[in-house]
There are 4 protein chains.
Amino acid sequence: MSIDYQRILDEIVEETAFLKGKGKIADYIPELAKVVPGQFGIYLRMMDGTAYHTGDAFTRFSIQSISKVFALSLAVSLLGEKVWQRVGVEPSGTAFNSLLQLEYEKGIPRNPFINAGALVVVDMLISELSHPKEDLMEYIRMLAGKQEIYINERVADSEKQFGYRNAAVANLLKDFGNINNRVEEVLDLYYDMCSIDMNCEELSQSFRIFANHGKVPGTDKPILTPSQTKRQNALMQSCGFYDESGEFTFTVGLPGKSGVGGGIVALFPEKFTIAVWSPLLNEKGNSIMGMKALELFTTKSGLSIF
Amino acid sequence: MSIDYQRILDEIVEETAFLKGKGKIADYIPELAKVVPGQFGIYLRMMDGTAYHTGDAFTRFSIQSISKVFALSLAVSLLGEKVWQRVGVEPSGTAFNSLLQLEYEKGIPRNPFINAGALVVVDMLISELSHPKEDLMEYIRMLAGKQEIYINERVADSEKQFGYRNAAVANLLKDFGNINNRVEEVLDLYYDMCSIDMNCEELSQSFRIFANHGKVPGTDKPILTPSQTKRQNALMQSCGFYDESGEFTFTVGLPGKSGVGGGIVALFPEKFTIAVWSPLLNEKGNSIMGMKALELFTTKSGLSIF
Amino acid sequence: MSIDYQRILDEIVEETAFLKGKGKIADYIPELAKVVPGQFGIYLRMMDGTAYHTGDAFTRFSIQSISKVFALSLAVSLLGEKVWQRVGVEPSGTAFNSLLQLEYEKGIPRNPFINAGALVVVDMLISELSHPKEDLMEYIRMLAGKQEIYINERVADSEKQFGYRNAAVANLLKDFGNINNRVEEVLDLYYDMCSIDMNCEELSQSFRIFANHGKVPGTDKPILTPSQTKRQNALMQSCGFYDESGEFTFTVGLPGKSGVGGGIVALFPEKFTIAVWSPLLNEKGNSIMGMKALELFTTKSGLSIF
Amino acid sequence: MSIDYQRILDEIVEETAFLKGKGKIADYIPELAKVVPGQFGIYLRMMDGTAYHTGDAFTRFSIQSISKVFALSLAVSLLGEKVWQRVGVEPSGTAFNSLLQLEYEKGIPRNPFINAGALVVVDMLISELSHPKEDLMEYIRMLAGKQEIYINERVADSEKQFGYRNAAVANLLKDFGNINNRVEEVLDLYYDMCSIDMNCEELSQSFRIFANHGKVPGTDKPILTPSQTKRQNALMQSCGFYDESGEFTFTVGLPGKSGVGGGIVALFPEKFTIAVWSPLLNEKGNSIMGMKALELFTTKSGLSIF
């Protein structure tokens, strides 16, 4: 049962066309609001090395929350199980930037993919790394197999200037004793990593270790153990899409992570990674065409993990 | 890489022995509290028909919330997509019998596996079936491939007598207009299905359709479509373990469903179904030895979906 | 500084005329929805015995939640301080029928004037009285100085038939162990007392003990001690208007109690009681013209307790 | 019925002696934790000018949240009704520094006496005053009839250094658009005013305008209108004691305001003001001996507003 993947991608482009123009660009910071809305790209990379793409698969965009996956992966490789003393593994059930649960649960964020959890993970990185920003960038470049991955400084500055909500979250974490470094330092690195620009091709490459039991394909170097990799994927499944994680699991059936830049990366262990991008978001902050594209992909290919 | 499954089961028995006596039997109704705590059974059934078991795999126990999977499956086969107009697909993030979200979200339960959601599903069954109780039992017997599946009437009576919390939930749903039949009728069928007695062998059999794209193995009869089956499994992954669903996904990495009788059924599509049972529960209402047994199983076998 | 109260009442009628037709009749039960909306009455009764009235001050209406004051007063006279072991004295901060707090606070209602609290008070009365319904009616008639006070049976039946929300609350209380009698029995007496019909003249009379340190004026019989009376008034101030209690305190500045029948009774200790009635409600469930009338009354007379 | 106030104060000292050593000093900042716990003072000032005192009535302490009354009073005198567009008048029903309601209610604090509300009031003052800190101090000195009222700079510095929770609240308000000035500027003035040192004698003097329809006694200068004064008192009644406001209303029956420095000021319009101080707090943050002293005072004197 050989599948014509290119044809599936082409069909997806056709069948999602009716969604063009639907949704809203992330406009909470001026820099993000400048993106051209109509763009749409897909990059599918099989674990055997073959690859398929369509549309704007080589245009870079702000990866935003997708960066939380890299930060967590690095923290787990540095700290192992100790990560889970300071952050949970349960879906939040509420909006991604909610302060409610944090208050009820005494400063232990529900999971590492809500903002609060990612801030705690970033705090761990600052404590563990001698040059946190440079070391994290190095790590991401290694996963992407490419040196030319950069932070978009204008986006980072814009985030820092208007990030009152995240400053509220970080101060609350500090009050609960779950931030060890200075609040400003944690916020800075958090915004830096969210402001990285990557394209679908690069993202599909950088997620291959998660489909490969923790090794960068073509190397023997284990970045994560198989068990750590399983857990990273499980977390993407449970918590990768803010309070729409259940919906993504239900309709798509792959572990993945979205960002408010409009990107989504998903994967099937041992089979493939796939990155989609389209900047217009639904009210939960996930790319409308991206969600639909992935739903069509698993339906057409039959390649859901469930 | 042939795996010695029997040896894995035997190792699990050894390695979970330290947990014996830990936890608490469900004691909210007198009948459930009568179970002998030390019991422990596993039944593993591969999709190729081979099977392995250990311990009390043939002792029947109260399936409790596991029955919600059968009810949902039957409702989806009767009503298709219409089910999702009255119940959501997101994890709840709070205790399984919480009234909080129901009130905020205007009577639409978060998912069909919290009590509120299951009550709505049961209400659908009452509206659709001519003999709801008999028809549901017939459906479960068909999935289990066995006529001798019964409701434990003493348990059912006990539940009905002390079920003030569920009566609160059902009345609230009725107030929001999301129960169409009489509150008492809905509660009665809900308690009846929760009070079914089954053993690990029977449960592992009855879940095979979910590992077989919706067909009872050995038949050509599609009970669910492949897409409906995928979604049913996705929901078990997201929402199958109350507010410990993330933890189960994280440590075990299989879709499954637990009940306060101490049973858990999990599955790997196209590969196997597995049922475990041990009555002592953690504070979230899930079997302590059952959770550990399944974690050890996927770690030892490498057979997690992630 | 003698005040021309009749003129003040007349001015209020003029100055509230612009509100005629604004708001919504309580329509959650068909019987209540039948009331003629345009009605408006005020009855002011000074502690020296003089009285003033205007409009429909002698037309009876459903007193609804105002009855909770009578129930509490009777419970306190029977049980004293023990009442406060099962119900709190803090404003709820949320809608009057909310289940949220009840769940967080383990079945101890915030105060005796939210539905949950009143149900617990009614449960106390059932335990303490030999003929709860008759004895409560007798008590109210004694306070009103009049035998002809009755339950509107059509309203009571209608409440019982559609009261799913209160059934949810009562079952939740029962689950938490804070209802000792049968749920149905508690709901029945609760609905009976809410369905009493009284007019402004009768209500202003029946609240006189609260402005008279606990004695029915003209008698020597202390129904409540001065301290119990102070507390009853304090509770009306803090909690008498659902989640609009702060607003009423802020704009009117008198202790009082409202009902969804459109009635409000307020009082100034040692000075006066005042009852207003107009059936059209704001979204918090309080009479729009009644609230405005009382605000104008304290502003014009200078007679706020603050 | 002349009352021997001095004897009442003396009795209170005796009858609260059993509470000595009960409770906990506010220790969230090191400077506050340095206070000597056993201190206890009362200053009662009748509106006719007579005064009574006992214990440490002339020892200064950190007025903390009592300062919120001064800030609100000044804001109302500057902005009138416009204040209520940005802050509510309802009790919060939750802990005084809760972020929950703020998030649900979109950045409009429940009332001006929770921290969030006071921060918004302080933001108003910064926008309206040319020298906010100096002008606010001038206002308080005018009310106290005394120039020697100062900010305790060590306390203020300590608050600024450890105030992560308030920084979280202020950033959240800023995110919702309900802070117009810089977050740091607002926090600084907030901490400055909380760090003012005053004694019972000074506090009882400075609250006299609220018992005098808005005029400083002995002057003709109306600081607030009678209606504004009524509302200020009403707010103290509803919201002056964090989530123990109902309890204070219930047991004491006077409008008042507490601070975590252990001070409480209360008043009876046209009759008296009273300030008590004892540093050991209950878990709600209110002075244990102070609450008891005021309860005894109104019980013994019969002088509750209810």
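Draft legend 1. Region of the structure containing the sheet that holds strand 4 (residues 150-151) of chain B. All names here are of chain B. Ordered in space as 3-5-4, the three strands form an open sheet in which the pairing is antiparallel. The strands lining the two open edges of the sheet, one partner per strand, are strand 3 (61-62) and strand 4. With two bridges joining them, strand 4 and strand 5 (residues 196-198) adopt antiparallel strand pairing. In the strand pairing of strand 5, isoleucine 151 is matched with isoleucine 196.

Draft legend 2. Local environment of unusual backbone geometry. Residues and elements named next belong to chain B. Phi angles above zero are rare outside glycine, and glutamate 270 is one such case at about 70°. Relative to the helices and strands, glutamate 270 is located in the loop between strand 7 (263-268) and strand 8 (272-277). According to the C-beta neighbour criterion, glutamate 270 is exposed, with 9 such atoms within 10 Å.

Draft legend 3. Quick peek at the relation of the copies chain B and chain A. With an RMSD of 0.0 Å, the operation that places chain B on chain A is a rotation of 180° combined with a shift of 0.0 Å along the axis. In symmetry terms, the pair is related by a two-fold rotation axis. Proximity to the rotation axis, assessed at the C-alpha, singles out Gly93(B) in chain B; its C-alpha lies 2.4 Å from the axis. Taken as a fraction of all interface residues of chain B, those also at the interface in chain A reach 100%, which identifies the copy contact as same-surface.

Draft legend 4. Main features of the relation of the copies chain B and chain C. Mapping chain B onto chain C calls for a rotation angle of 180° and an axial translation of 0.0 Å; the resulting RMSD is 0.0 Å. Here 100% of the contact residues of chain B are again contact residues in chain C; the copies associate through an equivalent surface.

Draft legend 5. Representation of the interface of chain B and chain C within the structure. Of the residues lining the interface, 12 residues belong to chain B; the matching set on chain C comes to 12 residues. Broken down by secondary-structure element, the contributors of at least two residues to the side of chain B that touches chain C are helix 3 (100-104) and helix 7 (164-175) of chain B. The leading source of residues in the side of chain B that touches chain C is helix 7 of chain B, at eight residues. Each residue belonging to the side of chain B that touches chain C can be placed in one class, and the counts come to six nonpolar, two polar and four charged.

Draft legend 6. The pairing of strand 2 (residues 51-55) of chain A, seen in detail. Residue and element names in this part refer to chain A. Direction of pairing for strand 1 (residues 41-46) relative to strand 2: antiparallel, over a ladder of five bridges. When the sheet's bridge partners are listed, arginine 45 is paired in strand 2 with alanine 51. Between strand 1 and strand 2, which pair antiparallel and follow one another directly, the connecting turn spans four residues, one of which, glycine 49, has a positive phi of 105°.

Draft legend 7. Structural context of the nonpolar core. Ala71(A), Leu119(A), Ala71(B), Ala71(C), Ala71(D) and Leu119(D) are the most contacted members of the largest nonpolar core, which totals 396 residues. Among residues more than four places away in sequence, those in contact with Ala71(A) are Ala118(A), Val121(A), Val122(A), Leu125(A), Leu136(A) and Met193(A).

Draft legend 8. Up close: helix 4 (residues 115-128) of chain A. Residues and elements named next belong to chain A. Under the 1.5 Å per step criterion, the end-to-end length of helix 4 is 20 Å for 14 residues, consistent within 8% with the ideal 20 Å. Of all the 14 residues making up helix 4, 11 are buried; the element is thus mostly covered by neighbouring parts of the structure. Among the residues of helix 4, those classed as buried are Asn115, Ala116, Gly117, Ala118, Leu119, Val120, Val121, Val122, Asp123, Met124 and Leu125. Close packing links the buried residues of helix 4 with helix 2 (67-79), helix 3 (100-104), helix 5 (132-144), helix 7 (164-175) and helix 8 (183-194).

Draft legend 9. Structural context of the interface of chain B and chain A. At the interface, 28 residues of chain B touch 28 residues of chain A. Those elements giving two or more residues to the side of chain B that touches chain A turn out to be helix 10 (226-239) and helix 11 (245-251) of chain B. With nine residues, helix 10 of chain B is the largest single contributor of residues to the side of chain B that touches chain A. Its residues placed into classes, the side of chain B that touches chain A shows 10 nonpolar, 13 polar and five charged.

Draft legend 10. Representation of the packing of helix 6 (residues 153-162) of chain B against helix 8 (residues 183-194) of chain B in the model. All names here are of chain B. Across the interface, helix 6 lies against helix 8 with an axial gap of 8 Å and an inter-helix angle of 140°. It follows that helix 6 is oblique to helix 8 by the angle criterion. Every pair of crossing elements has a handedness; the one defined by helix 6 and helix 8 is right-handed. Within the contact between the two elements, helix 6 uses Ala156, Glu159 and Lys160 and helix 8 uses Leu187, Asp188, Tyr191, Asp192 and Cys194.

Draft legend 11. Region of interest: the sheet that holds strand 4 (residues 150-151) of chain D. Residue and element names in this part refer to chain D. One open sheet accounts for three strands, arranged 3-5-4; its pairing is antiparallel. Among the strands making up the open sheet, the edge pair consists of strand 3 (61-62) and strand 4. Here strand 3 pairs with strand 5 (residues 196-198) via two bridges, running antiparallel. Across the sheet, residue serine 62 finds its bridge partner in strand 5, namely aspartate 197.

Draft legend 12. Here's a closer look at helix 8 (residues 183-194) of chain C. Residue and element names in this part refer to chain C. In a regular helix each residue adds 1.5 Å, so 12 residues correspond to 16 Å; helix 8 covers 17 Å between its end C-alpha atoms and thus fits that length. A large share of helix 8 lies buried, amounting to nine of its 12 residues. Every buried residue belonging to helix 8 is among Val183, Val186, Leu187, Leu189, Tyr190, Tyr191, Asp192, Met193 and Cys194, and all of these are buried.

Draft legend 13. A look at the confidence of the model for chain A. Here chain A averages 95 in pLDDT, while 98% of its residues score no lower than 70. For this predicted complex, the interface confidence comes out at an ipTM of 0.92, alongside a pTM of 0.92.

Draft legend 14. Layout of the pairing of strand 7 of chain B. All names here are of chain B. Extensive coverage of strand 7 is indicated by the burial of six of its six residues. A two-sided burial pattern is seen for strand 7, the buried positions comprising Gly263, Val265 and Leu267 on one face and Ile264, Ala266 and Phe268 on the other. Bridge count for strand 6 (residues 256-258) against strand 7 is three bridges, and the pairing is antiparallel. Within strand 7, the position partnered with lysine 257 by the bridge is valine 265. From the end of strand 6 to the start of strand 7, which pair antiparallel, there are four residues, and glycine 262 there has a positive phi angle of about 100°. Bridge count between strand 7 and strand 8: six bridges; the pairing is antiparallel. By the bridge assignment, valine 265 is partnered in strand 8 with alanine 275. Where strand 7 folds back onto strand 8 in an antiparallel hairpin, the turn is made up of three residues, including glutamate 270, whose phi is positive at roughly 70°.

Procedures and definitions
Residues numbered from 1 in each chain as written. Chains lettered and ligands numbered in written order. Predicted model: local features only at pLDDT ≥ 70, side-chain atom pairs only at ≥ 80, totals over all residues. Pairing = 2+ DSSP bridges. Helix = DSSP H or I, 4+ residues; strand = E, 2+ residues; numbered from the N terminus. Buried ≥ 20, exposed ≤ 12 C-beta atoms within 10 Å, placed from the backbone. Least-squares fit on C-alpha atoms with pLDDT ≥ 70 in both. Contact = placed C-beta atoms within 7 Å. Nonpolar A, V, L, I, M, F, W, Y, C, P; charged D, E, K, R; others polar. Core = buried A, V, L, I, M, F, W, Y, C linked by C-beta atoms within 7 Å. Expected span 1.5 Å × (residues − 1). Axes fitted to C-alpha atoms, helices over the stretch in contact; angles between N-to-C directions. Parallel < 35°, antiparallel > 145°, perpendicular 65-115°, else oblique. Left-handed = near helix turned anticlockwise from the far one by under 90°. pLDDT = per-residue confidence, 0-100.

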